[in-house]
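# Structural overview
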Amino acid sequence: TSSTHTLGAAECPGKASNATAGGRELTRLCAGLRIAPSNVVVTVLDADSLISDRYVLRLDGLICEARSRGDEASVSCRIFAPYMTFCNADEDTIPWMVRLVDAAWSFFLLYQLARPLQVRMPVACYSMSLALLERIGYWEVGECGIGETGSECAGVCRWISMRGAE
């Protein structure tokens, strides 16, 4: 599903402000239906993102495995990012520079797959529990218009590091 909303004061138009409005509405809906935020996974992606169906199945499998172990916390404090590429159905209408940047991001994702580190920066597509999204205050929206994928990942890392200090 997608969301649109009326921009608030000092909000930049774009994915972050739109996703924040959708996230807050999802929080209200879940509260009204008495659905625990830790049982809801939110996936955010660009309209031109192409991900495998296996990502959704694997994510569902991880959640089910964690629940069967009684360890929902291991899922509700993580951000998940699939390998993805950009799918531009009508490339003739997309400027060549945008296509070049999309290709560069796709190569960056391939590079991350080869790195031995567990931490990878999501690009344009990621998933997390609604509980985690609420804890970090949704997406950063303001006059600066920071790209939401990187700032969201940083917000998750900050929350996890503060939680570890407790």
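Structure first, text after, so check above.
Notes on the structure follow.

### Focus on the nonpolar core
The biggest cluster of nonpolar side chains holds 13 residues, and the ones touching the most others in it are Val42, Val44, Tyr126, Met128, Leu130, Leu133 and Trp139. Residues Leu59, Ile63, Val75 and Phe80 belong to the second largest nonpolar core, which totals 6 residues.

### A word on helix H2 (residues 53–69)
With 17 residues, H2 extends 25 Å between its outermost C-alpha atoms, agreeing within 8% with the 24 Å of an ideal straight helix rising 1.5 Å per residue. On its buried face, H2 sits against strand E1 (41–45), helix H3 (73–76), strand E3 (79–80) and strand E5 (125–129). One side-chain oxygen of the residue at the start of H2 lies 3.0 Å from the amide nitrogen of arginine 54, identifying that residue as serine 52. Count one or two residues on from H2 and you reach glycine 70, which has phi positive near 75°.

### Thoughts on helix H4 (residues 96–114)
Compared with an ideal rise of 1.5 Å per residue, which puts 19 residues at 27 Å, H4 spans 28 Å between its outermost C-alpha atoms and is within 8% of the ideal. Along H4, the positions that sit buried rather than exposed are Asp102, Ser106, Leu109 and Gln112. Seen end-on, H4 carries its buried residues on one side only, within an arc spanning 115°. Summarising the geometry of H4, the exposed residues directed more than 90 degrees from the buried face are Trp96, Phe107, Tyr111 and Ala114.

### Details of a nonpolar patch on the surface
On the surface, Trp96, Met97, Leu100, Val101 and Trp105 cluster together into a nonpolar patch covering about 540 Å² of accessible area. With respect to the helices and strands, the residue leucine 100 is situated in helix H4.

### As for the pairing of E5
Among the 5 residues that make up E5, 5 are buried, leaving the element largely enclosed by the rest of the structure. The alternating pattern of E5 places Cys125, Ser127 and Ser129 and Tyr126 and Met128 on opposite faces, both of which are buried. Note that E1 and E5 share 5 bridges and pair antiparallel. When the sheet's bridge partners are listed, leucine 45 is paired in E5 with cysteine 125. Inspection of the sheet shows E3 paired to E5 by 2 bridges, in the antiparallel sense. Among the inter-strand pairings, isoleucine 79 is bridged to a residue of E5, identified as methionine 128.

What counts, and where the lines are drawn
- Residues numbered from 1 in each chain as written.
- Predicted model: local features only at pLDDT ≥ 70, side-chain atom pairs only at ≥ 80, totals over all residues.
- Heavy atoms only, no water.
- Core = buried A, V, L, I, M, F, W, Y, C linked by side-chain atoms within 4.5 Å.
- Buried < 20%, exposed > 50% of the residue type's maximum accessible area, 1.4 Å probe, protein only.
- Helix = DSSP H or I, 4+ residues; strand = E, 2+ residues; numbered from the N terminus.
- Expected span 1.5 Å × (residues − 1).
- Contact = heavy atoms within 4.5 Å.
- Polar contact = N/O pair within 3.5 Å; in protein donor to acceptor, adjacent residues only side chain to side chain.
- Arc of directions from axis to C-beta.
- Patch = residues over 30% accessible without salt bridge, like charges linked within 9 Å, V, L, I, M, F, W, Y side chains within 5 Å.
- Areas by Shrake-Rupley, 256 points an atom, 1.4 Å probe, with all protein chains shown as cover.
- Salt bridge = Lys/Arg side-chain N within 4 Å of Asp/Glu carboxyl O.
- Pairing = 2+ DSSP bridges.

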